[in-house]
Each structure stands twice: as C-alpha cells, then as structure tokens.
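Analysis of the macromolecular model
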Amino acid sequence: MDLQPQQEKQPVPPPQLADAPDDRITVEYLPASHPFHREYEGNVTLSMVRADAMTFFKVSDHKDRDTHQFFLEFKGQRLTNMAETLDQLLGPHRRAAKFNLVEQITPGATTV
C-alpha cells in the first residue's frame, strides 16, 4: 500500500505574448548559400529587418562606378515603406514570412 500523498499536476499556463516573438522571418539573397533567419516582434520595422539581413549577408548600399542598392521583396513586390512594421505588413496573426534581398545596380554615367 502506497502511503505517500499523490501530488496534483498543475496545468502549465500558455506562453505570454511577450515570451514568444511574433514573426519568424526568413530572408534569402541569391548569391548566398544559406538564408537569414530571425524571430522578431510585430512592432519591428522593415528597415530593421533589411539592416539585419544586410549585415548577415555582409552587403551594403554603395557607389563605385555604379550605384548598388538593396531592397526587400515580399510576394514579388518591392517594399518601399521601410517604416512599416511587420504587423502592418503581415497582419497580427501571421507567424512567419519569407522575403528576398535584391540588389539593384544602376549604371553610372559613361564618359567619352
């Protein structure tokens, strides 16, 4: 006969919103062999995602003979409002998204 009192199992509370990031973001960049992955809160701007991805891929906007600019693409559309948040772009219930980092090269003026 077991005389030890049985312990009641306490229910595990669901994670609080602040405990779990909102969005799992993937950014692919064509020359790279591995994509960039990070989890962000929904109030993070696209500017921050772009900056983090560019740092990961070790690229930057720059000008040599040509002008090199990087932008984010989502669902085939170039994103231009870098102040937009992930929640604004994706909606409050979306938990993941895939972006592309695309380099635009604008040829410089040629001299004769």
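Residues numbered from 1 in each chain as written. Predicted model: local features only at pLDDT ≥ 70, side-chain atom pairs only at ≥ 80, totals over all residues. Heavy atoms only, no water.

Right, let's talk about the overall build of the protein chain for a bit. If you tally the helices and strands in the protein chain, you get two helices and six strands. Traced from its N-terminal end to its C-terminal end, the protein chain shows the element sequence β-β-α-β-β-β-α-β. Contacts spanning at least 24 positions in sequence make up 59% of the contacts within the protein chain whose residues lie at least 6 apart. When the accessible surface of the protein chain is split by element, carbon and sulfur atoms take 53% of a total near 8,500 Å². (Helix = DSSP H or I, 4+ residues; strand = E, 2+ residues; numbered from the N terminus. Contact = heavy atoms within 4.5 Å. Areas by Shrake-Rupley, 256 points an atom, 1.4 Å probe, with all protein chains shown as cover.)

Moving on, we get to the pattern of salt bridges. Under the counting rule described, the total for this entry stands at three salt bridges. The partner of Arg38 in a salt bridge is Asp52, and the shortest N-O contact between them spans 3.0 Å. Here the residue Arg38 occupies a position in strand E2 (residues 36–40), and Asp52 occupies one in helix H1 (residues 46–57), the gap between them amounting to 14 residues. Residue class for Arg38 comes out partly exposed when judged on its relative accessible area of 37%. Residue class for Asp52 comes out buried when judged on its relative accessible area of 17%. Among the salt bridges present, the one from Arg50 reaches Asp61, with a minimum N-O distance of 2.5 Å. (Salt bridge = Lys/Arg side-chain N within 4 Å of Asp/Glu carboxyl O. Buried < 20%, exposed > 50% of the residue type's maximum accessible area, 1.4 Å probe, protein only.)

Quick look at the pairing of E2 now. Pairing between strand E1 (residues 23–29) and E2: five bridges, direction antiparallel. Across the sheet, the residue bridging to Ile25 is Arg38, located in E2. Between E1 and the antiparallel strand that follows it, E2, lie six residues. (Pairing = 2+ DSSP bridges.)

In this structure, Lys75 sits in the loop between strand E4 (67–74) and strand E5 (77–78). It is 8.9 Å that separates the C-alpha atoms of Lys75 and Asn100, two residues lying 25 residues apart in sequence.

Moving on: the packing of aromatic side chains. When we look at a pair of aromatic rings, we describe it by the centre distance and by the angle of the planes. According to the stated counting rule, one finds five aromatic pairs in the structure shown. Every member of this aromatic cluster is reached through a ring pair, and the members are Tyr29, Phe36, Phe56, Phe57 and Phe70. A cation over a ring is seen here: Arg78 above Phe71, with NZ or CZ 3.9 Å from the ring centre. (Phe/Tyr/Trp six-rings, centres within 6.5 Å; stacked < 30°, edge-to-face > 60°. Lys NZ or Arg CZ within 6 Å of the ring centre and 35° of its normal.)

For the rest of this paragraph, the subject is the confidence of the model for the protein chain. Regions with low pLDDT should not have their predicted coordinates read in detail. The predicted model of the protein chain averages 85 in pLDDT, with 77% of residues at 70 or higher. Every residue in residues 13–20 is under pLDDT 50, and counting partners more than four places away or in other chains gives two contacts. (pLDDT = per-residue confidence, 0-100.)

Further remarks concern the nonpolar core. In terms of nonpolar packing, the biggest core is built from 21 residues, with Ile25, Val27, Val49, Phe57, Leu86, Phe99 and Leu101 touching the most fellow members. Of all the elements in the fold, those that place two or more residues in this core are E1, E2, H1, E4, helix H2 (86–90) and strand E6 (96–106). Sort the elements by how many residues they give to this core and H1 lands first, with five residues. Apart from residues no more than four positions distant in its own chain, Phe57 is found in contact with Val27, Glu28, Tyr29, Ala32, His34, Pro35, Phe36 and Leu101. (Core = buried A, V, L, I, M, F, W, Y, C linked by side-chain atoms within 4.5 Å.)

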